[in-house]
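# Fold and contact review
Now for the letters of each chain:
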Amino acid sequence: MNNPLINPGLGAFVWMMCSFAILVFILAKWGWPMLLKALKHRETTIANSLNAAEKAREELAQLKSSNQDLLKEAKQERDEILRNARATRDQIIEDAKQKASEEAARMREAAQESIKNEKLRAMYDLKNQIAQFSIDIAEKLIKTELSDRARADAFVKSELETIQKQYE
C-alpha cells in the first residue's frame, strides 16, 4: 500500500497544511464576514416582516369593527335609496307609457300619410315607366324592318318578355 493519496509523504502533508491554512485565512478575512452580514440582514428582514404582520393584524381587527358600523349605515342608506328609486321608477314608467301612446298615435298618422304619398308616387312612377317602355318598344320597332311582319312580331314578344322579367 504505497498509494500517495492514502499515505501521503511528509512534503505533501506540509503543502496540504499550508494550502489549508491559506484557505482558512481567505475565508476568515473575506468569506465569514459576508456570510455573517447576509445572516444579519436576513434576521433583520424577518423581524421587520413579523412586526409588520402584527401591525397589520391589529389594524385588521380595528377595521373589522369600523366596517360593521359602516355596513349598518350603508344598509340604511341603501334601503332609503331603494324606496326613492322605486317611487321614481313608477313615475317614470307612467310618464313613459303616456308619452309612448302619444308618440304611437302620432307615428301611426305620419305612417298613414307617408303610405298614401308613397302610393301616389309609385303610381306616378309606374305610369312614367309604362310610357317610357312604350316609347322604347316603338323606337326599336321603327328601327327594325317593318316590312318583315314575322320578325317584327317576334321582336315585340321578346321585348315584352324582357320587361316582364325585370319586374318579377
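Relevant structure appears above.
Given the structure is predicted, the values throughout are model-derived calculations rather than measurements. (Residues numbered from 1 in each chain as written. Predicted model: local features only at pLDDT ≥ 70, side-chain atom pairs only at ≥ 80, totals over all residues. Heavy atoms only, no water.)

## Considering a negative patch on the surface
- A cluster of acidic residues, Asp69, Glu73, Glu77 and Glu80, forms a negative patch at the surface.
- As for its placement among the helices and strands, Asp69 is situated in helix α1 (residues 10–143).
- On the basis of relative accessible area, Asp69 is assigned to the partly exposed category, the value being 46%. (Patch = residues over 30% accessible without salt bridge, like charges linked within 9 Å, V, L, I, M, F, W, Y side chains within 5 Å. Areas by Shrake-Rupley, 256 points an atom, 1.4 Å probe, with all protein chains shown as cover. Salt bridge = Lys/Arg side-chain N within 4 Å of Asp/Glu carboxyl O. Lys, Arg positive; Asp, Glu negative; His and termini not counted. Charge placed at Lys NZ, Arg CZ, Asp CG, Glu CD. Helix = DSSP H or I, 4+ residues; strand = E, 2+ residues; numbered from the N terminus. Buried < 20%, exposed > 50% of the residue type's maximum accessible area, 1.4 Å probe, protein only.)

## Topic: the pattern of salt bridges
- Counted according to the given criterion, the structure contains five salt bridges.
- Here Asp90 and Arg89 are joined by a salt bridge, their closest N and O atoms 3.3 Å apart.
- Asp90 sits in the partly exposed class, given a relative accessible area of 43%.
- In this structure, Arg106 and Glu103 form a salt bridge, with 1.9 Å as the shortest nitrogen-oxygen distance. Linking Arg106 with Glu103, this pair stays in helix α1, spanning three residues, or about one helical turn.
- The partly exposed category is assigned to Glu103, whose relative accessible area is 31%.

## Re helix α2 (residues 149–166)
- Its 18 residues give α2 an end-to-end C-alpha distance of 26 Å, which sits within 8% of 26 Å, the value for a rise of 1.5 Å per residue.
- Here α2 has its buried residues at Ala152, Glu159 and Ile163. Angularly, the buried residues of α2 cover 35° about the axis, an arc narrow enough to put them on a single face. Turned more than 90 degrees away from the buried face of α2 sit Ala150, Lys157 and Lys165, all of them exposed. (Expected span 1.5 Å × (residues − 1). Arc of directions from axis to C-beta.)

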